[in-house]
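Okay, here's what each chain looks like letter by letter:
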Amino acid sequence: MTNSDLLQYCMNKPGAEQTVHSDWKATQIKVADVMYAMVHDVEARPAVSLKASPALADLLREQHSDVYPSAHLNKAHWSTVYLDGSLPDSQIYYLVDASYQQALSLLPDQTRQQLSN
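If you're wondering where the values come from, they're calculated on a predicted model, not measured in any experiment.

(A) Molecular detail of the overall build of the protein chain. Regarding its fold elements, the protein chain presents four helices and six strands. Ordered by position from the N terminus, the helices and strands of the protein chain form the series α-β-β-β-β-α-β-β-α-α. The C-alpha radius of gyration of the protein chain comes to 14 Å, within 12% of the 13 Å expected for a compact globule of 117 residues. Dimensions of the protein chain, computed from the C-alpha atoms along their principal axes, are close to 40 × 30 × 25 Å. Looking at the protein chain alone, contacts between residues at least 24 apart form 49% of all its contacts between residues at least 6 apart. Surface accessibility of the protein chain: about 6,300 Å² in total, with carbon and sulfur atoms responsible for 49%. Taken as two groups, the 8 positive and 13 negative side-chain charges of the protein chain have centres that lie 5 Å from each other.

(B) Representation of the nonpolar core within the structure. Membership of the largest hydrophobic core comes to 25 residues, with the highest contact counts inside it found for Leu6, Tyr36 and Val48. Put simply, the parts of the chain that give this core at least two residues each are helix H1 (3–11), strand E2 (26–31), strand E3 (34–42), strand E4 (45–51) and helix H3 (89–105). Looking at which element gives the most residues to this core, the answer is H3, with six residues. Once you skip the residues sitting within four places of it in the chain, leucine 6 turns out to touch Met1, Val39, Val48, Leu83, Ile92, Tyr93 and Val96. If you look at the next biggest cluster of nonpolar residues, it comprises five residues, including Met35, Met38, Leu73 and Trp78.

Conventions and cut-offs
Every chain's residues receive numbers from 1 upward, in the order its sequence appears when written. Confidence filtering applies because this is a predicted model: local features only for residues at pLDDT of at least 70, side-chain atom pairs given and counted only at 80 or more, and all residues used for totals across whole chains, interfaces and linings. For the side-chain quantities, the full set of heavy atoms in the structure was used; hydrogens and water were omitted. Here a helix means four or more residues in a row that DSSP labels H or I, a strand means two or more in a row labelled E, and each is numbered from the N terminus. The atom set for the radius of gyration is the C-alpha atoms, and the globule formula is 2.2 Å times the number of residues raised to the power 0.38. Only heavy atoms enter the contact rule, under which two residues are in contact if any of them lie within 4.5 Å. To be clear on the numbers: accessible area is Shrake-Rupley with a 1.4 Å probe, and residue cover counts the displayed protein chains and nothing else. Charge convention: Lys and Arg are scored as positive, Asp and Glu as negative, and His as well as the terminal groups of each chain are ignored. To locate a charge, take NZ of a lysine, CZ of an arginine, CG of an aspartate or CD of a glutamate. Put simply, a nonpolar core is a bunch of buried Ala, Val, Leu, Ile, Met, Phe, Trp, Tyr and Cys residues held in one set by side-chain atoms that sit within 4.5 Å of each other. For every residue, the accessible area obtained with a 1.4 Å probe (protein chains only) is divided by the maximum for its type, and the residue is called buried under 20%, exposed over 50%, and partly exposed between those limits.

Here it is as structure tokens:
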């Protein structure tokens, strides 16, 4: 999977907006100003940082060498995943979906309802 493949998937989510964090050379994907994905290169490899529950983040890190705590974000909740590593694309897409759902859960009810219309 490439960064552009993942960006396309992320941007197909309702309300998705893309911004660039120039200090980190990363593309942040947000819904209503809540970030749910950060696409970037790490050590010249395509990667994405995604939010997950601390329990899921720990489990993924234990089971996959291509998943590790994010350098610039809260390490308990955010994990960075290499897109060209051992994690299957389907699992990366699942993690994007879960991160998006967590971002939605932080939004006011009215905003969530507007996004679902």
